Amino acid sequence: MGSVTGIFHGGVTVSDMDRALRFYRDGLGLEVEFDKTLDGPYLPVVLALDFEAIRAVYLRVPGGQFIELLEYRGIERLPAASRPCDYGAGHLCLYVEGIDEIHGRLKDMGFRARSDGPVDITSGPNAGARSIYLLDPDGYRVELFQKRPEAWDHVT
């Protein structure tokens, strides 16, 4: 019987890779693992789409996972606008330290969030933590989550 053994990456389709890298690499500080054009003949088959190529950038997230940014070429592309409450909507959640500093840097770079700033979580299992939902250049939500101080003692 098959089973899930881990997570490799979360993918985000972007309209302009260089603009997206300004957010993910320059703003969040994620390291580029590779930046390649993918044009293998299996891709249109597995994705059931007729396109020329994909520019794929893998960004390393501490802990061994990746965020995969994809910019499709040679096919009509449309925005996938939704609100967090709309089914099919997605987001990435990244553990951070220094949530105020990261938010300030991204705000100074012109990126926006759904709230005015990081929000203190005051109830539930994450009470004492802080969170903010930022929007990447295409409006995809990226949650920054700073654990409550004592929670970091239990992270391996």
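Described below are features of the structure shown in this document. (Residues numbered from 1 in each chain as written. Predicted model: local features only at pLDDT ≥ 70, side-chain atom pairs only at ≥ 80, totals over all residues. Heavy atoms only, no water.)

So, the nonpolar core
Thought 1: Judged by nonpolar contacts, the single largest core of 27 residues is most densely connected at Y24, L28, I67, L69 and L144.
Thought 2: Broken down by secondary-structure element, the contributors of at least two residues to this core are helix 1 (17-27), strand 3 (53-61), strand 4 (65-73), strand 5 (91-95), helix 3 (99-108), strand 7 (130-135) and strand 8 (141-146).
Thought 3: In terms of residues, this core owes the most to one element, helix 1, which gives five residues.
Thought 4: When residues no more than four places from it in sequence are discounted, the contact partners of L28 are F23, L94, I102, R105, L106, V142 and L144.
Thought 5: One finds L43, F51, I54 and L70 within the second-largest nonpolar core, a separate group that totals six residues. (Core = buried A, V, L, I, M, F, W, Y, C linked by side-chain atoms within 4.5 Å. Buried < 20%, exposed > 50% of the residue type's maximum accessible area, 1.4 Å probe, protein only. Helix = DSSP H or I, 4+ residues; strand = E, 2+ residues; numbered from the N terminus. Contact = heavy atoms within 4.5 Å.)

So, the pattern of salt bridges
Thought 1: Across all of its chains, the model carries eight salt bridges by this definition.
Thought 2: The salt bridge partner of R25 is D26, with a shortest N-O separation of 2.7 Å.
Thought 3: A relative accessible area of 35% places R25 in the partly exposed class.
Thought 4: Exposure remark for D26: the relative accessible area of 38% places this residue in the partly exposed category.
Thought 5: In this structure, the salt-bridge partner of R60 is E33, at a minimum N-O distance of 2.9 Å. Of this pair, R60 sits in strand 3 while E33 sits in strand 2 (residues 31-38), placing them 27 residues apart in sequence.
Thought 6: Under the relative-accessibility criterion, R60 is labelled partly exposed at 31%. (Salt bridge = Lys/Arg side-chain N within 4 Å of Asp/Glu carboxyl O.)

Here's the deal with the pairing of strand 4
Thought 1: When you tally the buried positions in strand 4, you get seven out of nine residues, the bulk of the element.
Thought 2: Bridge count for strand 1 (residues 9-13) against strand 4 is five bridges, and the pairing is parallel. When the sheet's bridge partners are listed, G11 is paired in strand 4 with E68.
Thought 3: In this sheet, strand 4 lies alongside strand 3 in antiparallel orientation, the contact comprising nine bridges. (Pairing = 2+ DSSP bridges.)

Digging into helix 3
Helical geometry: 3.6 residues make up each α-helical turn, so side chains three or four residues apart lie on a common side.
Thought 1: Listed as buried for helix 3 are I99, I102, H103 and L106. The arc enclosing the buried residues of helix 3, seen along the axis, measures out at 95°, which places them on a common side. Helix 3 presents E101 and D108 as exposed residues on the side facing more than 90 degrees away from its buried surface.
Thought 2: In this fold, the buried residues of helix 3 make contact with helix 1, strand 7 and strand 8.
Thought 3: Among the residues trailing helix 3, G110 stands out with phi positive, at a value near 100°. (Arc of directions from axis to C-beta.)

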